[in-house]
Amino acid sequence: MDENKRRMAVWMSPKTFEAIDKVYESDNCKSKSELIEKSVLFYLGYLQSTESAEYLSKILVSSMQAAIKESENKHAGNLFRLAVEMNIMMNLLAASINVDESDIKKIRERCMQEVKKTYGKIKFEDAIAYQRGDDGWQS
């Protein structure tokens, strides 16, 4: 036990004790005392701040920034994996077909328009229909 800590008798309702029992481990606390101390320190910070809303705003902003950063990291990883797969697919395709540059430009322009029109919700079946000339387009 930390020598700088002091023991204190605290009276709480059974409902409060039950709530502490349920959540202290989920907050990565090693003991119920640690959860209680963290809770008291949080509440003291709230009371002692010049504006309670300012104190809570800082906590909310910090939490939101952490969540956004985690989301950005996941998206960046997914985009990287997708780019690698696209690069593999394009290299395999380029090795197996012979297409001239003007056809590539026409297909790129059409694909950009299609992605804009469908907000990126494209289907492989639509590409097949396009390449077969089923939808009035022909490459």
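Because the structure is predicted, anything quoted here is derived from the model rather than measured. (Residues numbered from 1 in each chain as written. Predicted model: local features only at pLDDT ≥ 70, side-chain atom pairs only at ≥ 80, totals over all residues. Heavy atoms only, no water.)

A. Up close: the overall build of the protein chain. When you go through the protein chain residue by residue, the secondary structure sums to five helices and zero strands. Taken from the N to the C terminus, the helices and strands of the protein chain come in the order α-α-α-α-α. The buried share of the protein chain, reckoned over its 139 residues, is 6%. For the protein chain, the proportion of contacts with a sequence separation of at least 24, taken over those separated by at least 6, is 15%. (Helix = DSSP H or I, 4+ residues; strand = E, 2+ residues; numbered from the N terminus. Buried < 20%, exposed > 50% of the residue type's maximum accessible area, 1.4 Å probe, protein only. Contact = heavy atoms within 4.5 Å.)

B. Geometry of the pattern of salt bridges. Tallied over the full model, the rule gives six salt bridges. Close ionic contact of Asp27 with Lys38 constitutes a salt bridge, the shortest N to O distance being 2.9 Å. With a gap of 11 residues between them, Asp27 in the loop between α1 (14-23) and α2 (32-48) and Lys38 in helix α2 connect regions that are remote in the sequence. Relative accessible area serves as the criterion here: at 38%, Lys38 is assigned to the partly exposed category. A salt bridge links Lys106 to Asp103; the nearest nitrogen and oxygen atoms lie 3.8 Å apart. (Salt bridge = Lys/Arg side-chain N within 4 Å of Asp/Glu carboxyl O.)

C. Just helix α4 (residues 101-118), in detail. Under the 1.5 Å per step criterion, the end-to-end length of α4 is 26 Å for 18 residues, consistent within 8% with the ideal 26 Å. Looking one or two places after α4, you find Tyr119, whose phi comes out positive at around 55 degrees. (Expected span 1.5 Å × (residues − 1).)

D. Just a nonpolar patch on the surface, in detail. Together, Val40, Leu41, Phe42, Tyr43, Leu44 and Leu47 give the surface a local cluster of nonpolar side chains, amounting to about 560 Å² of exposed area. Looking at where Tyr43 falls in the secondary structure, it is placed in helix α2. (Patch = residues over 30% accessible without salt bridge, like charges linked within 9 Å, V, L, I, M, F, W, Y side chains within 5 Å. Areas by Shrake-Rupley, 256 points an atom, 1.4 Å probe, with all protein chains shown as cover.)

E. Examining unusual backbone geometry more closely. If you check the backbone angles, Asn28 has positive phi at about 60 degrees while not being a glycine. Mapped onto the secondary structure, Asn28 falls in the loop between α1 and α2. Judged by its relative accessible area of 70%, Asn28 falls in the exposed class.

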